[in-house]
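Descriptive analysis of the structure
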Amino acid sequence: MSTIRLGRPRSALLPTLVIAAVLVILFAIFTNVWTDRLWYVSFDFGGVFNTMLITRIGLFASFGLMMAAVVAANAAVAYRLRPRVRGAGPASPLLERYREVLEARLVWVIVGIGVVVGLFAGATASGQVFTYLAWRNSTPFGTTDPVFNLDIGFYVFDYPWWRFALSFVFVALLFSASAAAVIHYLMGGLRLTGAARGGSPGAQAHLSILVGLAVLARGVGYWFDQYGLMIADATILTGVNYTADNATRNADVILAIIAGLCALLFFANAVLRRWSVPIIGLTLMILSAIILGVVYPAGVQLLQVRANEPVRERPYIERNIEATRAAYGVDDVEIADYSAKTTATAGQLRADAEALPGIRLIDPSRVGPAFEQLQQVRGYYSFSEILDVDRYTIDGTETDAVVAVREMNHEGIEAQNWNNLKRVYTHGYGLVAAYGNRRQPGGEPEWIVRDIPPTGKLTEYEPRIYFGEKQTDYSIVGAPEGAAPVEFDTPSGGEGGNPATTTYEGKGGVPIGDLANRLLYAAKFADVNILLSTELNPESKIIYDRNPRERVMKAAPWLRVDSDMYPAVVDGRIVWIADGYTTSNSYPYSQRVSLETATSDSRTQMGLPAQPASMINYMRNSVKATVDAYDGTVTLYTWDDTDPVLQTWKKVFPGIVKDKTEISADLLKHLRYPQDMYKVQREILARYHVTDPQNWYQNSDLWRVPDDPQQTGSKETPNFLSIKWPGDESAVFSLTSTYVPEGRQNLAAYMAVNADASSPDYGQLRILRMSAQTQIDGPGQTANVFNSNEVVAERLRPFQQGTAAAQFGNLLTLPVGGGLMYVQPVYTQRQGSTGAYPVLRFVLVRFGSSVAIGDTLQDALDQVFKGDAGANTEEEGGDTPPKPGGGNPDNPAASAAIAAASKAFEEAEAALKKGDLAGYQAKIREAQEAIKRAEDALNK
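These figures come from a predicted structure and were not determined experimentally. (Residues numbered from 1 in each chain as written. Predicted model: local features only at pLDDT ≥ 70, side-chain atom pairs only at ≥ 80, totals over all residues. Heavy atoms only, no water.)

This part takes up the overall build of the protein. Per the secondary structure count, the protein includes 26 helices and 37 strands. Once the C-alpha set of the protein is aligned to its principal axes, its extents read approximately 130 × 80 × 55 Å. The proportion of buried residues among the 940 residues of the protein is 53%. By sequence separation, contacts in the protein at least 24 residues apart represent 70% of the contacts at least 6 residues apart. In the form shown here, the protein has an accessible surface area of approximately 41,300 Å², with 55% of it arising from carbon and sulfur atoms. Separation between the mean location of the 84 positive side-chain charges and that of the 97 negative ones in the protein comes to 11 Å. (Helix = DSSP H or I, 4+ residues; strand = E, 2+ residues; numbered from the N terminus. Buried < 20%, exposed > 50% of the residue type's maximum accessible area, 1.4 Å probe, protein only. Contact = heavy atoms within 4.5 Å. Areas by Shrake-Rupley, 256 points an atom, 1.4 Å probe, with all protein chains shown as cover. Lys, Arg positive; Asp, Glu negative; His and termini not counted. Charge placed at Lys NZ, Arg CZ, Asp CG, Glu CD.)

Okay, helix H13 (residues 515–524) next. What H13 keeps buried is the set Asn517, Arg518, Leu520, Tyr521 and Ala522. Considering only its buried residues, H13 is in contact with helix H1 (13–42), strand S16 (510–511), helix H14 (529–532) and strand S17 (541–543). A distance of 3.3 Å separates the backbone nitrogen of alanine 516 from a side-chain oxygen at the start of H13, and that oxygen is part of aspartate 514. Count one or two residues on from H13 and you reach alanine 526, which has phi positive near 50°. (Polar contact = N/O pair within 3.5 Å; in protein donor to acceptor, adjacent residues only side chain to side chain.)

Another aspect to go through is the pattern of salt bridges. Taken as a whole, this structure holds 31 salt bridges when the rule is applied. A salt bridge links lysine 457 to aspartate 395, with the shortest nitrogen-to-oxygen separation between them at 3.2 Å. Here the residue lysine 457 occupies a position in the loop between strand S11 (455–456) and strand S12 (464–465), and aspartate 395 occupies one in the loop between strand S5 (388–394) and strand S6 (397–405), the gap between them amounting to 62 residues. Judged by relative accessible area, lysine 457 falls into the partly exposed class, the value being 44%. With a relative accessible area of 63%, aspartate 395 lands in the exposed category. For aspartate 489, the salt bridge identified is with arginine 464, shortest N-O distance 2.8 Å. Taken together, the residues aspartate 489 in strand S14 (residues 487–493) and arginine 464 in strand S12 connect sequence positions 25 residues apart. A single salt-bridge network, built from bridges that share partners, covers Arg163, Arg218 and Asp225. (Salt bridge = Lys/Arg side-chain N within 4 Å of Asp/Glu carboxyl O.)

Residues Leu14, Val18, Ile19, Val22, Leu23, Ile25, Leu26, Ile29 and Val33 make up a contiguous nonpolar surface patch of about 830 Å² in total accessible area. Residue placement: isoleucine 25 occurs in helix H1. (Patch = residues over 30% accessible without salt bridge, like charges linked within 9 Å, V, L, I, M, F, W, Y side chains within 5 Å.)

Here we take up the packing of helix H4 (residues 106–126) against helix H6 (residues 152–186). As a packed pair, H4 and H6 sit with axes 12 Å apart at the nearest point and diverge in direction by 170°. The angle between H4 and H6 falls in the class roughly antiparallel. Here H4 contributes Val117, Phe120, Ala121, Thr124 and Ala125 to the contact with H6, which in turn contributes Phe164, Phe168 and Phe175. (Axes fitted to C-alpha atoms, helices over the stretch in contact; angles between N-to-C directions. Parallel < 35°, antiparallel > 145°, perpendicular 65-115°, else oblique.)

Here we come to the packing of H1 against helix H15 (residues 548–555). Here H1 crosses H15 at 100°, and the two axes come no closer than 11 Å. With respect to their mutual orientation, H1 and H15 come out roughly perpendicular. Between H1 and H15, the residues in contact are Asp36, Trp39 and Tyr40 and Arg551, Lys554 and Ala555, respectively. Residue composition of the contact of H1 with H15, by class: three nonpolar, no polar and three charged. (Nonpolar A, V, L, I, M, F, W, Y, C, P; charged D, E, K, R; others polar.)

Okay, here's the thing in structure tokens:
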């Protein structure tokens with residue numbers, strides 16, 4: 001009796017694990033997609049999410065299906081064209097095995113091939129969502145290129161998409177030919193060895209047509225390559241140069257024709273089946289591509305251009321200069337020669353008196369610790385390391401201010417539990433602002449608004465900060481009407497002197513009261529407490545992605561956002577203000593720059609976010625954006641409505657960007673010229689201030705942005721200052737910077753832009769070009785003079801040793817008194833103390849060769865300008881006594897005192913030149929006493 005053997009039961013473990021893994025992946029994808037949708041809908045940007053998602057899905061599906069269909073169809077055709085009778089001859093056992101598998105599972109193999117290539121193509125196409133949307137909604141620039149007379153919009157919007165489409169067709173044909181060749185080989189339609197090597201008529205015809213189509217697609221690519229020359233990087237410029245115009249363009253046209261002829265040979269081979277002819281044609285095409293595309297242009301460059309490059313390239317350099325200046329918005333920059341005075345005389349700043357109060361002595365990169373120590377209030381609050389500069393109208397006067405918001409810092413919370421971190425300590429409180437040009441007697445900032453609750457000049461606003469630069473975690477807020485509030489609000493103000501509490505009432509945030517959303521967010525943040533907490537209620541909301549810059553970038557993914565957002569009190573609310581840029585890398589003839597390199601400076605080295613390392617050759621500040629610090633609302637406003645790139649994206653996302661006319665008057669006061677835009681423009685103007693092609697080619701007047709004297713290896717940061725431009729009647733809030741010649745350290749030029757958005761001259765770039773006859777020291781040289789000056793060293797010596805340390809603030813440059821003046825605040829700070837912070841102790845001033853250090857700016861200016869600067873800095877605020885020269889000229893006592901001060905200053909300089917430091921100090925004290933006598937006499 002035979003035994004019946006039962007087969008081993010198949011384990012269900014592996015299929016179960018596979019199914020579970022697939023379900024987990026699908027749930028994770030669904031969670032991310034659906035929570036993103038909820039996030040966008042929560043602040044009325046659901047249209048952005050829908051447009052992006054639908055477009056991505058559409059591109060993935062359409063291109064994936066096209067690729068899958070083309071490759072799978074050709075694989076099926078190859079199988080259908082298999083020989084009915086295989087040729088005689090030895091066959092590989094492995095090949096026979098593959099053939100059996102293919103015949104047994106034909107459908108699965110073809111479907112598998114289609115799925116793999118389809119997923120690859122779909123994923124690639126979905127990454128082209130912005131290229132596709134820009135092409136579908138393109139807006140003409142109204143300007144044509146000088147070579148092909150095509151609208152600039154063709155290169156910016158159309159050309160990138162057509163290049164992708166051509167590459168897709170070419171790859172689809174290559175995949176199809178490869179798949180068909182493999183199946184023909186497996187099924188015996190192709191034989192690579194033996195006496196019977198070759199192919200069946202069907203296989204040869206099939207492959208001939210596929211290869212011919214691929215060659216034809218490459219020929220179309222050659223034709224498009226000539227347009228690509230307009231945005232290609234050539235030897236010395238971006239765009240068509242002499243070689244490209246006279247060699248490469250012709251080569252591309254010839255290669256396109258050769259490719260077309262070669263494709264016809266492959267099509268003919270489908271009937272003739274003589275592979276030697278099309279193979280020879282393909283070989284000749286490849287050789288032609290090498291000769292015409294590489295050797296011929298190189299020969300033209302070597303034989304015709306190199307020895308005569310300035311002459312040959314002149315018209316192309318002219319085009320490059322014109323296009324570059326237009327693409328970066330610097331074509332209307334005003335450049336004036338400036339013979340800067342270097343001799344300081346008494347009363348020299350009288351004509352520039354209005355600008356002196358705008359000299360910002362409070363350095364936003366230095367005083368962060370002072371804000372932290374003096375206005376932190378509690379350990380769970382914190383300020384940004386780098387503060388911001390803004391303007392407010394205080395007592396009827398526009399005043400420069402250094403500002404920051406008091407944000408929540410979870411690291412300072414003593415009881416580190418989930419409830420405290422997520423539901424109690426949810427927000428910061430209040431904006432803190434200090435005068436930019438004032439300090440308290442001890443050197444601390446003089447506050448415009450401070451403390452909790454806010455006191456000072458700005459108090460009528462919503463102070464709670466739920467969205468800020470330090471808010472990196474999520475919070476759960478909200479409660480039913482009438483419920484006891486649980487969110488910590490202020491350290492005092494509650495019953496019995498306890499902390500005050502509040503309940504979030506903003507519209508921002510995603511409802512999380514229902515079980516489904518709680519499950520999704522528990523999965524998203526990998527936090528089961530969201531699901532298990534019994535404290536959540538039907539009105540609960542979760543707020544996350546709270547960094548204002550990141551919110552703008554997600555709300556408008558087609559924008560690049562300035563690296564420095566700044567807070568302001570606008571219409572009774574704290575809002576974060578950002579500048580949004582539209583950029584392109586395809587503006588014909590415009591020179592490319594690295595966005596990261598152009599915008600990096602000493603502040604990015606200190607922690608300010610950096611721009612991505614992408615290349616651009618077109619840039620506009622087309623959008624101003626705000627983020628409400630209380631409810632996270634993102635609002636986008638049109639700023640440059642002439643920008644075709646912005647017009648294109650407004651078609652893609654209708655209604656997302658509001659009209660410029662909707663900017664409130666209060667918001668307009670706080671808008672300013674964008675810093676990253678300015679940095680890119682100053683990088684461009686370092687070379688493109690030169691408009692003569694010959695001088696441009698020779699680099700005879702090349703500038704560069706100087707290094708920051710306080711941050712070795714990083715570029716100088718531009719400064720917001722109120723300056724009076726030579727010849728103007730009044731001072732203007734401006735963004736300023738300097739240039740030095742390439743390879744040298746002396747000053748080459750001074751650049752400023754009108755940064756006041758309410759001014760009719762907003763955005764006007766102006767440059768003062770220094771005279772070549774007189775050398776003006778640059779920032780680095782001036783910093784060296786400050787550090788090596790004996791008087792300065794003597795005053796700072798007590799703070800350079802022991803328990804104190806001196807810190808140099810931002811080195812400011814101003815065009816005043818017919819020359820250029822450097823001003824630098826000096827801070828001192830105790831060492832070895834956890835509560836130490838920098839205080840403004842001295843001010844350094846340099847004009848020409850005159851250097852002074854004073855307890856105040858006024859003191860230093862009067863020293864430099866022979867005892868009388870001729871203007872009042874108003875550092876202390878309020879009414880200050882007039883300076884000598886500003887009172888009654890007939891006052892004999894004042895005149896005598898002024899004369900004595902002037903003589904004492906002259907004698908002080910003479911003593912300093914002799915190295916008599918003690919004599920210098922004695923004469924300075926004598927001059928200061930004389931100034932005091934003059935003030936007393938004028939006030940009688």
